[in-house]
Structures are given as C-alpha cells and as structure tokens.
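Examining the three-dimensional arrangement
So the chains spell out like this:
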Amino acid sequence: MIEVKNVTKTYGKKQNAFRALDDVSFTIPDGASVAILGKSGSGKSTLMHAMSGLDRPETGEVLVDGVDILKLKSKAVDTFRSKKIGFIFQSFFVQANESVYDNVSLPLEIAKAPKRARRGKVMKALEAVELDEKVRSKARNLSGGQKQRLAIARAIVNEPRIIFADEPTGNLDSVTGQRVEELLFGYNKEKGVTLVIVTHDEDLSTRCDIVITVKDGRVESISENGTKKSVVAKEGGRA
Amino acid sequence: MKTTDVIRRAGRNLRQAKARTILTSLAIGVGAFTIALAMAAGNGGRSYLDSVVSGAGDLRTIQVSPKFDTDPNADTKPKKVGAEEAPTSPSASTIRELTPKDRSKIAAIDGVEKVSPVFGVEAQAVEANGSDKYQGQVKVQYDGTAIDLTAGKLGSNNEILPGQIVLPHVYLDSFGFKNAETALDKTVTVTFANAFGGTFTKEFKIVAVDAKPTSPLAFYNNEFRISNKDGEEIAKMQRPEGAPEGYYAFMVTARQGVNVDTVKQKILDAGSFSAMTFAEMRTSIMQMVNIVQYGLMGFGALAILASIFGIINTQYISVLERTQQIGLMKALGMRRRDVSRLFRYEAAWIGFLGGVIGVVLAFLVTLLNPVITGAFDLESGTELLQMDWLMSAVLVVGLMLIAIISGYFPSRKAAKLDPIEALRTE
Ligand SMILES: Nc1ncnc2c1ncn2[C@@H]1O[C@H](COP(=O)(O)OP(=O)(O)O)[C@@H](O)[C@H]1O
Ligand SMILES: [Mg+2]
C-alpha cells in the first residue's frame, strides 16, 4: 500500500518559490493500476518522483508498506528503489551502446543479485516482452517500441512490487503504444504488481482502476472503478 | 554493486569510447615508456658495468698515485739530483713520480699485503713487418683491466706475459697487416731512449690486437700494452745511473678480511698520495649510470604529470556525455559510492592500459639490443637494455593508482549527479 500524506514540493526560493506539489494526499492499495492524469506541467512527474523515492519533498509523508520513505537514509532509499521499484520513462533511457542482455541485467547487478540467478531472470523478462531473440543485439539497433519493451523488461527483471511508468507511450505511435500498454496491464494483473502510470492521455487512464487527476500541483479528483469522487468536495470546498 | 560487475561495466564503457580511451592511455604510455626504458637502461648499464669492472680485478685492490693537487705548503725549493723527489724518468715533468721510499712506506702500513709498482715507460718509435717507424705510446698493463680484443687471447686476469705486446688495431694498416689475425705472433720493434741520450730497441711478439672498447663510457687510447715486468726492465734502462727507481703508480692489495677503505685512508694519511679503490671506481661509474637513469625517469614523470590532466579531462567529458546513463543507474538504486567506483575503475583501466602500452613498447625497444650493441661496437651478446619486470609491474600499478586519484573529481561529479535532473528530457 502506498499512502501519500500532505506532500508539498516547492521549487525555487522566496519570491521565485513555486509549488509544484501542493498538499497532495491519496492512498493506493496493493496491486492496483493507477493513472496520474493531468496536463503538461501540472506536477505529475514531480509526484511520481516523490512517490518512488527519487525526490524528497520538504513536507509530507510517503508511506510504502507502512515505512515513510522520505525519512529513510539515502542508502536505504537506494535499496528500496532497487528492490521494490521498477521504472519506465517516456524516453526509454536504455543504454544504447550496451547489449539488450546487459541493459536488463543492470538492475540485478545494482541489487547485488547472485550471478548464477541472473541469466534466468534476464531471459524470463525478455521473453515476457518478446525480445528474447534480440538478447545479443545492441540496444541502439532496436526500434522505439522495442526499446520501450526493453525498458519494461529492465523494470520487471528484479520482480518489483511497484512499477512507475512516466508517459510510457508518449514517444510511440498508437499501435506500438497499444502493445506496450497491454504488456504493462498484463503484468499488473498477472503478478499483482502495483502499476502507476503518469499520463496526459485520458483513454489510457480509463483502463486503470484508479485515476488521480492532477492540476497545478493539486489533486483535482480521484476516481475509483469509474466512479468519480471529488477530492475538493471531500475536503470541504477548498478550491 | 559487486566489484567485478563494476569493473566489467567500466571496461565496457571504455571499449565503447575506444578512440578516446586509447588516446588518453597513449599519453600515459609515453611517460610509462620513458620510465620503463630508463629502468631498462639503468639495469642493463649496471649489469654491464658489473661484468666489465669485475673483470678489472680485485675489490681488495687500491690504486695509489702521486697527489696531483698543488699543496700550498709544498717544498718548492730546487732539489739536488739524487734527492728523494728528483725527477728521474726522461719524461718526468711536473708530476712527481713515486719512489722506493713511498713503496716501503706503503708496504709498512698495517693491512697492506702487497705493493706492486707500475712502471712508466716512454717509447720513441714503433715498427713491425718492415714498416716505417711510427710514433706510439707504450703502456704497462698493471691491473686486470679488460681489453677488448679483435684477435688473440690474453692470459687469465687479462695478463700480458713478458715479451708480449697488445697491438692497437689502428696500427694494422700502417704496419701492413691484412687483418688482425695475420698480425698475431708477428714482431713489433720498439725504440726507447736510454739514460745517456741514445736509444735502444726491444722486440715484442704480438699476442693480441685490441678493439674499440665495449663500454660506450670508455675512451679509446691507441696504446701498445706490455707486461709490467718488461716495463720494469725498460724503466731501469731509461733511468740515469744511481737514480732511484721511479714509479707511475702502485697497485696495493689489502690483506684478506681487512677493510679496504681503512687501508686506503691510512695510505692517504701516510703521505701525499691519491688513492682509489676499485669499489670507488665502480661506484663513480655506477653513479653516472644512475644519473642518466634518474634523469630519464624524471622526464617520464613529467610526461605522466601532463597526462594526468588528460585523464581528468577525459573523465569529465565522459561524465558529461553519460549524464543520462548515470541518472538512470542512480534512479535504479545504484549507490553513490558505486557510481564513483565505476568512474574510478575506468580511470584505473586507462592507467593500466597506458602502463602496459609503455612497458610493452619499452620491451620492444629492448629487442633492438643487437642493433644497439652493433652501433656502439660492443661485444655481441651485450645487453645494454634489460627489462626490469618487477619494477615494470610496480610502474603499472602505480599508474593505475595515479589514474584513480586523477579520476577523483570527475567521479565525484558523477556520484553527486541528481537523477531527476539527469533524466530530464526537455
Ligand atoms: N527543477 C525544477 N526547478 C523549477 N521548476 C521545476 C523543476 N522541475 C519541475 N519544475 C516545474 O514544476 C512543474 C511540474 O513539473 P512536472 O512534474 O515535470 O510536470 P508534468 O510531468 O506534469 O509535465 C512545472 O511547472 C515545471 O516547470
Ligand atoms: Mg512529466
């Protein structure tokens, strides 16, 4: 379970201070698929970074399985990310010069997985995204869709509890994007892994169990299973 | 991250930037090459000198000659003929000769086993094979100094027997010898001045023909060399009647087990002599070799110092180029320490490569030993360049350490990188 409590993130100082996240709170149950929906610049990525231990907002709490990751030492946060989190980014961030195999094996190396266990895990992840035949290719020789599938393999190889995907289909055409979506939702259903997708695409968000709509750094609404609940109303007409 | 994984990733990163890696390594390689070669030259030089000097006799030997320097308290009054320090040889000029009195003085010194006088002789002319008369210098072979020979053979400890002479190879043509071999066993007639203004001749059998010296540090003197026994006889003939014997030098042998330097000091204290032990001669030549070696190594060190900036620069560029890669790795939970290790190991690889390149190049140069030997006209088989493999290994390890230290700031920059900033795509 992920509990976000009163998280505020400010960029800049004094007059230039800008609240990218303003008192954000919500709860995500284990195994849910969640869309963080909002326009560009609304604070979606900032929120995702705060939830995944990449960033440390100055106030608030992010409880993952009861532990406030904002209060952890940096070493513990690193371990938390490498053991529990899988990341997928809009621009893939695969290592172009490395082979497909070495790209996927990176999280295992970071998590100090025993060498013997690695090969099996890498191949399993590559099979899941149907890239096992490309295992020896250089990542730079893959197409955009293949690169994002490679990124998915890298995200799932260490069997994380939560996958964060920041605009995973933003750089893909609709057909390839569709395939990436299928892979993500399939993995979410099959393994019961919590899936958090950051997107500005409403169609994509409708496929999720929970849709958290963000606007100007604030949670505008949270809808569960299609039933929209206004956060604003719940909190007593703040906006 | 496991160390082996960091090392493998570091190696792969370098292979992906081949040109840059090789160029940076080459810069270090230049310094490493210079140092490795300097060590090889020092090594070869020392072992070569050892072989030459150990042939040059006993470490118990002290060469004693008259003191050269002008003593302000020296007795400058004219002396009567026959007085102790009167010039006796026809050639005697300003340099004092050693006298029988000196000889007994030194022989009486505690720890001295033997005093062998070295006679100075003066030849007027040399001829052989019916040739014209030529000017020539005749010198007594008083110590075991090795003579490089083109033909013939000397006795043990480079000894020349009475009646024998070593012909300087430069006289072969003048004497009409086709080559060195044909000169062997032929006769050389030497004309000496006698004590009465006349001359006398003496015949010698050519036992060997010399060669240019093998040591590039040695000067070549075109001297005819004869035995000390013959030298003594000739000196006697050249000495005016009644004059005491005069010597060019003494070869003093210290008694076994006695400290040679102590004996030398006693000789110096005994009168106005200058004395040098073989150990000292060896040391002074070794010092020259060492100076050359350390000088070269200094240049190598400068080159390495310069290449440090190359490493720092390369690594900074590498960090900039790989901002996203670093950001991703940190996002995936890679520890700061591991990121910094990754870059430091890359630097270590560069240092290792540079060191190996330098050492291998130096080794390739040592393969040219036969060419060098030929160029210096040394005895074949002489190796003036000898790889010091242990020191080369130390050099490579040292370069890796230097590279790691050079990579400190770039690696710290990488470790400090904020993953969110690094992964920002806009
Ligand atoms: N490092 C930063 N410094 C200043 N402002 C920032 C920084 N990062 C993000 N922002 C601002 O915070 C707001 C939210 O950014 P972001 O979370 O990336 O939006 P989204 O992902 O929804 O497009 C934007 O207005 C952006 O300009
Ligand atoms: Mg964004």
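Residues numbered from 1 in each chain as written. Chains lettered and ligands numbered in written order. Predicted model: local features only at pLDDT ≥ 70, side-chain atom pairs only at ≥ 80, totals over all residues. Heavy atoms only, no water.

1. Notes on the nonpolar core
Residue and element names in this part refer to chain A. Worth spelling out the cut-off: Put simply, a nonpolar core is a bunch of buried Ala, Val, Leu, Ile, Met, Phe, Trp, Tyr and Cys residues held in one set by side-chain atoms that sit within 4.5 Å of each other. Throughout, exposure labels follow a simple rule: accessible area from a 1.4 Å probe, protein chains only, divided by the maximum for the residue type, with under 20% read as buried, over 50% as exposed, and the rest as partly exposed. Residue contacts follow a heavy-atom distance rule, with two residues in contact if any of their heavy atoms lie within 4.5 Å.
Counting residues in hydrophobic clusters, the biggest one holds 54 residues, and the most contacted among them are F26, I28, M51 and I212. Beyond its immediate stretch of four places on either side in the chain, F26 contacts I2, E3, V4, L47, M51, I212, V219 and I222. Residues L126, L142, L172 and L204 belong to the second largest nonpolar core, which totals 40 residues.

2. Remarks on the site of ligand 1
Heads up, the condition is: It suffices for a single heavy atom of a residue to lie within 4 Å of a molecule or strand for the residue to be listed as near it. In protein, a polar contact requires one atom able to donate a hydrogen and another able to accept it; more generally it is a pair of N or O atoms within 3.5 Å, and residues adjacent in sequence count only if both atoms are side-chain atoms. Surface accessibility in these figures is a Shrake-Rupley result with a 1.4 Å probe; residues are shielded only by whichever protein chains are displayed. Note on conventions: DSSP H or I runs of at least 4 residues are helices, E runs of at least 2 residues are strands, and numbering of each starts at the N terminus.
Contacts to ligand 1 come from 13 residues, most closely from G41, G43, K44, S45 and T46 of chain A. Taken together, the residues near ligand 1 originate from chains A and B. Within the backbone of G41 of chain A, a nitrogen or oxygen atom sits 2.7 Å from an oxygen atom of ligand 1. At 2.9 Å from an oxygen atom of ligand 1 is found a main-chain nitrogen or oxygen belonging to K44 of chain A. Within the complex, 67% of the 560 Å² of free accessible area of ligand 1 lies under protein. Secondary-structure elements contributing two or more residues to the shell around ligand 1 are β2 (18-28) and α1 (44-51) of chain A.

3. A short note on the domain arrangement of chain B
The following threshold applies: Residue ranges labeled as domains rest on an automatic or database domain assignment.
Domains assigned within chain B are domain 1 (3-54 + 284-424) and domain 2 (61-72 + 95-277). Put simply, the middle of domain 1 of chain B and the middle of domain 2 of chain B, counted by C-alpha atoms, are 52 Å apart.

4. Thoughts on helix α2 (residues 74-84) of chain A
Every buried residue belonging to α2 of chain A is among V77, D78, F80, R81 and S82 of chain A, and all of these are buried. Contacts from the buried residues of α2 of chain A go to β4 (59-64), β6 (85-88) and α3 (100-110) of chain A together with α8 (323-331) and α9 (336-366) of chain B.

5. Points about a nonpolar patch on the surface
All names here are of chain B. Defined as follows: To count toward a patch, a residue needs a relative accessible area above 30% and no salt bridge. Like charges then connect within 9 Å, nonpolar side chains (Val, Leu, Ile, Met, Phe, Trp, Tyr) within 5 Å. For this analysis, a salt bridge means a side-chain nitrogen from Lys or Arg found within 4 Å of a carboxyl oxygen belonging to Asp or Glu.
A surface patch of nonpolar side chains, about 850 Å² in accessible area, is lined by I7, W349, F352, V356, V360, L361, F363, L364, L367 and W389. The element best represented in the nonpolar patch is α9, accounting for seven residues. Structurally, the position occupied by V360 is in helix α9. Assessed through its relative accessible area of 41%, V360 is described here as partly exposed.

6. As for the interface of chain B and chain A
Rules: Once two parts are put together, the accessible area they lose, assessed with a 1.4 Å probe and summed over both, is termed the buried area.
Opposite the 24 residues of chain B that make contact, chain A presents 28 residues. Counting the surface chain B buries against chain A, the share from its top three residues, R9, L332 and I420 of chain B, is 25%. Our count for the contact surface shared by chain B and chain A stands at seven salt bridges. For R12 of chain B, the salt bridge identified is with E98 of chain A, shortest N-O distance 2.5 Å. Our enumeration of links across chain B and chain A arrives at 13 residue pairs in polar contact (both at pLDDT 80 or more). For the side of chain B that touches chain A, the secondary structure elements donating two or more residues are α1 (3-16), α8 and α13 (419-423) of chain B.

7. A look at the pairing of β2 of chain A
Consecutive residues of a regular strand have side chains that alternate between opposite faces of the sheet. All names here are of chain A. Convention followed: Only strands joined by at least two bridges in the DSSP assignment are considered to pair.
Note: strand β1 (residues 2-11) against β2, seven bridges, orientation antiparallel. Bridging from a neighbouring strand, Y11 pairs with F18 of β2. A loop of six residues connects β1 with β2, the two strands running antiparallel in sequence, and G12 in this loop sits at a positive phi of about 80°.

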